[in-house]
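# Examination of the molecular architecture
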Amino acid sequence: MASTRSETDSFGTLELPLDALWGAQTARSLQFFKIGQHEGQQQIMPLSLIHALAWFKWAAALVNRDLGLLDGAEAEAIAAAAREVAAGAHDGQFPLSVWQTGSGTQSHMNVNEVIANLASQALGGALGAQRSIHPNDQVNLGQSSNDVFPSAMHLAVALQAKQSLLPALGDLQQALTAKATEWAAIIKIGRTHGQDATPLTLGQEFSGYAAQLRLCEEHLRYALRAVHALAIGGTAVGTGLNTHPEFGKRVASMLAQTLDLPLRQASNLFAAMAGHEALVGLHAGLKMLAIALNKIACDIRLMGSGPRAGLGELQLPANEAGSSIMPGKVNPTQIEALTMVCAQVIGHDAAIGFAASQGQFELNTYKPLIILDCLDSLHLLSQAMRSFQQHCLLGLRAAPERIQALLESSLMLVTALVPHIGYDRAAAIAKQAQASGSTLRDAALALGVLSAEDFDAWVDPRLMLGPQA
């Protein structure tokens, strides 16, 4: 039995695997774009982008049917096949490298070919040259790679943000807020410039972390408003040539209702295809989140340093052995994983910014790179936040005795004396204590600046946690 079948395109005849659902254009891309292969791995187009493309094929078929442009039975077969692809039932049929044409045309045609063959089979037809559904004339009716691919980019990002990133971010905020409540009464020394500062509570410190993440969430939700605008209906250059005037709006509306997203056709299709400012803005929010997460994680790592020769204010969960040579060593591994993810996201932002700046005339042709890095950042941050919350934050414990010892030994409690004896006298007490190795109280008494009773009344960390009337 033959193991291949022949297909012909405008460049000639090709041999394809007999059971492959893709066709000649996919085969040519496999031939000419062997890029991203390393150690048995291949950087293929992200499957979430493939699934998003399939959602557009589903909606397009039904809209074209409703507009009287596509036979009902054929439209329904195309729509059913597209739903299968969108659900991940045929993921193995999308082997193309992400490093291909900058418009994503080859992966777009890969999707068209697979859906055409699936629909043909459903209607009793064959694969390839004998199929009864054409990938361009029917599956791609009223569409172009130049409007479908960027629309799918937006949809893939919007779905990932809704389903994974925002829930993970919200849960991490809640976990930080819970820690802030739990530790509301633990007074510790503050630090600025890496040096001792005035006191605050551990709860106040963690409330700041939660607030940083709330600000990031607000920025991301605002940026998503632009991502929800779709280029669909613009076809080749934004004019809508070869499509129905209602096509783009109807497709966006149908997907909005089905996927429960506020999707809409972009108000200016030329901008939606030539530029990617919406994704630049969204990823700027992801970079902002990475920056905040990195700061929070590094603070917790420093507070948990030790356990005996570091700050030791927090006790990190012991999840696994930390050293191949030092018995009993426990390392901040979840923090290290999270901060590496943050570094990757910040790097992605630089690549996306450069790629988005390279739009020329009516099209940006760095689309595969932009969506690869956007989706990678979304996936990495979602998973890293979940892992950090589950395996580090929830098991984090305060060390009250160590916190109290560091608080009592800090020279910056002297700040409480400034309203009573002035800055210069308070500074002299701090310098005396540091030089002699004594406590602030002993230094103050040695200098004769104030009485023991006044010192005890004025230098109370509980009174230094907020403004005093």
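Structure shown above.
Okay, so let's go over this structure. These numbers come from a predicted model, not from an experiment.

About the cut-offs
Residues numbered from 1 in each chain as written. Predicted model: local features only at pLDDT ≥ 70, side-chain atom pairs only at ≥ 80, totals over all residues. Heavy atoms only, no water. Phe/Tyr/Trp six-rings, centres within 6.5 Å; stacked < 30°, edge-to-face > 60°. Helix = DSSP H or I, 4+ residues; strand = E, 2+ residues; numbered from the N terminus. Lys NZ or Arg CZ within 6 Å of the ring centre and 35° of its normal. 1 Å grid on protein atoms, 1.4 Å probe; cavity = no way out; pocket = protein on both sides within 12 Å on 5 of 7 lines; lining within 4 Å. Points joined across faces, edges and corners; volume = space filled by probe spheres on them. Buried < 20%, exposed > 50% of the residue type's maximum accessible area, 1.4 Å probe, protein only. Lys, Arg positive; Asp, Glu negative; His and termini not counted. Salt bridge = Lys/Arg side-chain N within 4 Å of Asp/Glu carboxyl O. Contact = heavy atoms within 4.5 Å. Polar contact = N/O pair within 3.5 Å; in protein donor to acceptor, adjacent residues only side chain to side chain. Core = buried A, V, L, I, M, F, W, Y, C linked by side-chain atoms within 4.5 Å.

## Some remarks on the packing of aromatic side chains
- Enumeration according to the criterion identifies four aromatic pairs in this entry.
- With 5.0 Å between their ring centres and 70 degrees between their planes, F206 and Y209 make a pair best called edge-to-face. Placement of both F206 and Y209 in helix α7 (residues 202–227) is noted, with a separation of three residues, approximately one turn of the helix.
- By the ring-pair criterion, three or more aromatic residues cluster together here, those being W183, F206 and Y209.
- Against the face of W58 rests R83, its NZ or CZ located 5.3 Å from the ring centre.

## Side note on empty space enclosed by the protein
- Within the structure shown, the criterion is met by one cavity of 30 Å³ or more.
- Approximately 60 Å³ is the volume found for the largest cavity.
- Every residue lining the largest cavity is listed: L316, P317, N319, E320, N331, P332, T333, Q334, I335, H391 and C392.
- Taken together, the elements giving at least two residues each to the lining of the largest cavity come down to α11 (333–356) and α12 (367–393).

## Quick notes on the side chain of E113
- Along the polypeptide, E113 turns up in helix α4 (residues 105–122).
- The side chain of E113 is buried and forms no salt bridge, while R131, the nearest opposite charge, is found at 5.3 Å.
- Not counting residues up to four positions away in its chain, the partners in contact with E113 are L21, W22, G23, A24, Q25, T26 and P135.

## Quick word on the side chain of S151
- Assignment of secondary structure puts S151 in helix α6 (residues 145–182).
- A relative accessible area of 0% places S151 in the buried class.
- A distance of 3.1 Å separates a polar atom in the side chain of S151 from the backbone nitrogen of A231.
- There is a polar contact of 2.9 Å between the side chain of S151 and the backbone nitrogen of I232.
- Sequence-distant contacts of S151, defined by excluding residues within four places in its chain, comprise F56, L230, A231 and I232.

## Here we look at the nonpolar core
- By size, the foremost hydrophobic cluster in this structure holds 120 residues, and its most contacted members are L49, F206 and L289.
- For this core, the leading source of residues is α6, giving 18 residues.
- Setting aside residues up to four positions removed in sequence, F206 forms contacts with L176, K179, A180, W183, I300, M303, L314, L393 and L396.
- If you look at the next biggest cluster of nonpolar residues, it comprises 20 residues, including V414, A426, L440 and F455.

## Focus on the pattern of salt bridges
- What the rule picks out here adds up to 15 salt bridges.
- One salt bridge in this structure joins K162 and D260, with 3.5 Å as the shortest N-O distance. Of this pair, K162 sits in helix α6 while D260 sits in the loop between α8 (247–259) and β8 (264–265), and the two are 98 residues apart along the sequence.
- Given a relative accessible area of 36%, K162 falls into the partly exposed group.
- For D349, the salt bridge is made with K287, and the minimal N-O distance between the two is 3.4 Å. Of this pair, D349 sits in helix α11 while K287 sits in helix α10 (residues 277–303), and the two are 62 residues apart along the sequence.
- Owing to a relative accessible area of 28%, K287 belongs among the partly exposed residues under this scheme.
- Several salt bridges converge on common partners, so that one network encompasses K188, R191, E205 and E313.

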